[in-house]
Amino acid sequence: MKVAKFGGSSVANAEQLKKVANIIQADDERRIIVVSAPGKRSSEDMKVTDLLIELGEAFRLGEPHEEPLKNVLDRFDAILDELQLSKAVLDDIKKQVVKIFSDGNDLASKLDAIKAIGEDSLAKILSEYLQSLGLNASYVNPKEAGLILSDQPGSAQILDESFELIHTLRDRKDIVVIPGFFGYTKEGKLVTFSRGGSDITGSIVAAGVKADLYENFTDVDSVYCVNPKIVNHPREIISLTYKEMRELSYAGFSVFHAEALIPAFKEEIPVCIKNTNNPTAKGTMIVSKKQDVNQAVIGIASDAGFVSLYVSKYLMNREIGFGRRLLNILEDEGISFEHTPSGIDDLSVIIRADQLTKEKEAIVINRINKELKPDTVYIDRGLALIMIVGEGMHSFVGTAAKATKAFEQANVNLEMINQGSSEVSMMFGIKEEGVNRAVQSLYQVFFENK
Ligand code: ASP
């Protein structure tokens, strides 16, 4: 059996939902369907989840909420009209909103419950639509499906006990439509995953039912080896490993939610990224092991918005506990870090800019000066990371040489180089302004054999 997840653009309007229904009908094995909330219909449009966040914000600020609510209802109304379905879902939404606003839950939980309305309503609509086409389909709420999550509103995690419950979905004879993005705590409170979390639901369900394949339908034919906004018509990736996908999505490949890989990876469920608008295209397979590795590099990813915290102290290498105390300061301030490249007498900590606000920066620098007495400490903003990724890297010689040549050709200065011991990726830190040039040059070197 296959679990198929349809993302926001695949369910953005009635026309897209018709394509989704065709895809479901085209393969009897597509028995469990997971859906996002309607996404953007055009580049200027808003996602229903963002409209719902506006509704939640209006409530939080005590502002009138009629208009944001109407914006949400209008999106579903248009879909129902065109699919000629009853409008019961709209009344449902209104009732849910009234209930959420007046229940005794804390604010974060209320906002999660509001956000989940997008997926929940769309799943109801899709299952009704499939029924209207004569299919035996049912809406299944995540509670009924067995998605039990940790009590972390906005960034919940799946609890292990869920998988056994989800497994029983295998016995169902009908087509099951489950809303993505949310589940329930043990106490029965609704909580959502982080943004884009329908991918996570899909992967969890695929792992739970031990699906033969998890299909992730989106709006591109495949995963490309480099961002098509930076390089025109880059090569498609036919197949890559979970590890490679993880490395690529870490640095900006947004096709698939990074967290969503974990459940599929643990159960070794192959994942296929496919296009709702071109479902016969092969797509990209994500698998646990590749048959033959015939290239060192499979993809190049880049992401801006990093900050480097540089600390140096003569004889740092002999001072026991220096690194730990430095990282402790970050931990105390609730800052997570990404990498820690180091030298004999210096250490940089690479942090995402959103983690290190200006206020936090002042506190951290102060504490480092006071507690660690370094020779130098400073913050460098505007850093970008470029990763070249490929499991083939450890059996090919000269990958780093080729990469550094590419940076040289692009006239981009390297601030930092890092290769993990697993040899699946090599990371380069550069100034943000050089990113596009560097990525284009790397693409030429690794994919155009120039
Ligand atoms: N609708 C949610 C979001 O926009 C989840 C998803 O689409 O995967 O983040």
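Quick caveat, the model's predicted, so the values are computed rather than measured.

A. Examining the packing of aromatic side chains more closely. Under the definition given, this model contains 7 aromatic pairs. Judged by centre distance (4.7 Å) and plane angle (15°), the rings of F6 and F217 are stacked. Within this pair, whereas F6 is found in strand 1 (residues 2-6), its partner F217 is found in strand 7 (residues 213-218), the two being separated by 211 residues in sequence. No difference in accessibility class separates F6 from F217, as the two residues are buried. Ring centres 6.1 Å apart and planes at 70° place the aromatic pair F182 and Y184 in the edge-to-face group. For the residue pair F182 and Y184, the accessibility class agrees, reading buried in each case. Sitting over the face of the ring of Y139, K124 holds its NZ or CZ atom 5.4 Å from the ring centroid. Sitting over the face of the ring of Y184, K143 holds its NZ or CZ atom 4.7 Å from the ring centroid.

B. Examining the UniProt feature "binding site: ATP" (unreviewed entry) in the protein more closely. As annotated by UniProt and renumbered to match this structure, "binding site: ATP" (unreviewed entry) occupies K5, F6, G7, G8, T218, D219 and Y224. Here G7 lies in the loop between strand 1 and helix 1 (14-25). Classification of G7 as buried rests on a relative accessible area of 7%. Once residues within four sequence positions are removed from consideration, G7 is found in contact with S36 and F217. Within the element layout of this structure, T218 appears in strand 7. The class for T218 is buried, based on a relative accessible area of 14%.

C. Focus on the sheet that holds strand 11 (residues 271-275). Taken together, 8 strands build an open sheet; the order of strands is 3-4-2-1-7-11-12-10 and the sheet is mixed. Single-partner strands in this sheet number two, and they are strand 3 (137-139) and strand 10 (239-241). Taken over all neighbouring pairs, the strand axes of this sheet differ in orientation by 20° on average, direction set aside. Here strand 10 runs beside strand 12 (residues 284-287); their pairing, made up of 3 bridges, is parallel. Bridged to L240 within strand 12 is I286.

Rules of the game
- Residues numbered from 1 in each chain as written.
- Predicted model: local features only at pLDDT ≥ 70, side-chain atom pairs only at ≥ 80, totals over all residues.
- Heavy atoms only, no water.
- Phe/Tyr/Trp six-rings, centres within 6.5 Å; stacked < 30°, edge-to-face > 60°.
- Helix = DSSP H or I, 4+ residues; strand = E, 2+ residues; numbered from the N terminus.
- Buried < 20%, exposed > 50% of the residue type's maximum accessible area, 1.4 Å probe, protein only.
- Lys NZ or Arg CZ within 6 Å of the ring centre and 35° of its normal.
- UniProt positions renumbered as here; feature names shortened; annotations may be inferred.
- Contact = heavy atoms within 4.5 Å.
- Pairing = 2+ DSSP bridges.
- Axes fitted to C-alpha atoms, helices over the stretch in contact; angles between N-to-C directions.

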